[in-house]
Amino acid sequence: KAGVTQTPRYLIKTRGQQVTLSCSPISGHRSVSWYQQTPGQGLQFLFEYFSETQRNKGNFPGRFSGRQFSNSRSEMNVSTLELGDSALYLCASSLRGRNEKLFFGSGTQLSVL
Amino acid sequence: DQQVKQNSPSLSVQEGRISILNCDYTNSMFDYFLWYKKYPAEGPTFLISISSIKDKNEDGRFTVFLNKSAKHLSLHIVPSQPGDSAVYFCAASVDRTTSGTYKYIFGTGTRLKVLA
């Protein structure tokens, strides 16, 4: 069974641009969540989707948005990029998204110049 | 407000000895806890989990202990191996059945270095 796939692996953008990150969950997994990892901050929860619906959202500005498609694939969009958005963005999937282990992708390393 | 805290940013242990990683939480509603290991430039990989109805769970060299009264959990690795050198994250989950949603909160991580 293929794991969680995130594309692209690396991304370099400049301030003010927007970016879209993609995540393909493990087959059969309906829950997809996104996390931001920065040095010293651990994994900060962005949002979680289940069956195309956003079920939960973290404390991030509205520039961060996402969606989930009918095949459970998910995208995350960041508009008007800021230098502080430079981070590793991780996607995780699980079957139901309730008290079970999450499977993470390798992440997208975003650098904003 | 950091609801899940890993107060030790780093830990060094000799190969073959026990590694103990600690995690404290503040929300008594958390009912499921997990530990993840992360290597640089890779996503976290699941190690072990524990439900709040238990106080101990073992899987090979890894054991997680949960002390609900102290709101504290720990991960023991015995014996420690150089390949265990990584960043370890604890995470807690609350199943808000009334709203049908849940949320995983991660700690800031502890970097473990196992010395050969």
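Summarised in this report is the structure supplied together with it. Note that the structure is predicted; figures quoted are calculated from it, not measured.

Moving on, we get to the overall build of chain B. Across its full length, chain B holds 0 helices and 11 strands. The helix and strand sequence of chain B, counted from the amino end, reads β-β-β-β-β-β-β-β-β-β-β. In terms of C-alpha radius of gyration, chain B reaches 14 Å, essentially the compact-globule figure of 13 Å for 116 residues. Taking the principal axes of its C-alpha atoms as reference, chain B extends roughly 50 × 30 × 20 Å.

With omega at -10°, the peptide bond leading from Thr7 of chain A into Pro8 of chain A counts as cis. Considering the arrangement of structural elements, one finds Pro8 of chain A in the loop between strand E1 (5-7) and strand E2 (10-13). In this chain, Val78 of chain B is followed by Pro79 of chain B through a cis amide linkage whose omega measures -10°. With a phi angle near 75°, Ser72 of chain A is a residue other than glycine that sits in the positive phi range. At Ala41 of chain B, a position not held by glycine, the phi torsion is positive, near 60°. On the secondary structure map, Ala41 of chain B appears in the loop between strand E4 (32-38) and strand E5 (45-51). What makes Ala41 of chain B partly exposed here is its relative accessible area of 45%.

Let's shift gears to the sheet that holds strand E8 (residues 72-77) of chain B. All names here are of chain B. Taken together, 5 strands build an open sheet; the order of strands is E1-E3-E8-E7-E6 and the sheet is antiparallel. Each of the sheet's edge strands pairs with one partner strand only, and the pair in question is strand E1 (4-5) and strand E6 (56-59). One ladder, built from 2 bridges, connects E1 with strand E3 (residues 19-25); its direction is antiparallel. Across the sheet, Val4 pairs through a bridge with Tyr25, a residue of E3.

Below, the discussion takes up the interface of chain A and chain B. Residue-level contacts link 24 residues of chain A with 23 residues of chain B. Among the residues chain A hides against chain B, the three largest losses belong to Leu43, Arg98 and Asn99 of chain A. Together they make up 28% of the total. At the junction of chain A with chain B, the criterion picks out 0 salt bridges. Taken together, the links from chain A to chain B amount to 4 residue pairs in polar contact (both at pLDDT 80 or more). Only strand E4 (31-38), strand E5 (42-50), strand E6 (53-57) and strand E9 (87-94) of chain A provide two or more residues apiece to the side of chain A that touches chain B. Counting residues per element, the side of chain A that touches chain B draws most heavily on E5 of chain A, at 4 residues. When grouped by side-chain class, the residues that make up the side of chain A that touches chain B number 7 nonpolar, 10 polar and 7 charged.

Val4, Phe30, Phe33, Trp35, Leu73, Leu75 and Tyr88 of chain B are the most contacted members of the largest nonpolar core, which totals 25 residues. For this core, the secondary-structure elements that each account for two or more residues are E3, E4, E5, strand E7 (62-67), E8, strand E9 (86-96) and strand E11 (110-115) of chain B. Here the element with the most residues in this core is E9 of chain B; it accounts for 5 residues. Leaving out residues up to four positions away in the same chain, Val4 of chain B has contacts with Cys23, Asp24, Tyr25, Phe30, Cys90, Ala92, Ile105, Phe106 and Gly107 of chain B. Counting residues in hydrophobic clusters, the runner-up holds 21 residues, among them Leu11, Phe64, Tyr89 and Val112 of chain A.

Criteria and cut-off values
- Residues numbered from 1 in each chain as written.
- Chains lettered and ligands numbered in written order.
- Predicted model: local features only at pLDDT ≥ 70, side-chain atom pairs only at ≥ 80, totals over all residues.
- Heavy atoms only, no water.
- Helix = DSSP H or I, 4+ residues; strand = E, 2+ residues; numbered from the N terminus.
- Rg over C-alpha atoms; globule rule 2.2 N^0.38 Å.
- Buried < 20%, exposed > 50% of the residue type's maximum accessible area, 1.4 Å probe, protein only.
- Pairing = 2+ DSSP bridges.
- Contact = heavy atoms within 4.5 Å.
- Buried area = accessible area lost by both parts, 1.4 Å probe.
- Salt bridge = Lys/Arg side-chain N within 4 Å of Asp/Glu carboxyl O.
- Polar contact = N/O pair within 3.5 Å; in protein donor to acceptor, adjacent residues only side chain to side chain.
- Nonpolar A, V, L, I, M, F, W, Y, C, P; charged D, E, K, R; others polar.
- Core = buried A, V, L, I, M, F, W, Y, C linked by side-chain atoms within 4.5 Å.

Don't take any of this as a statement about function, it's just geometry.
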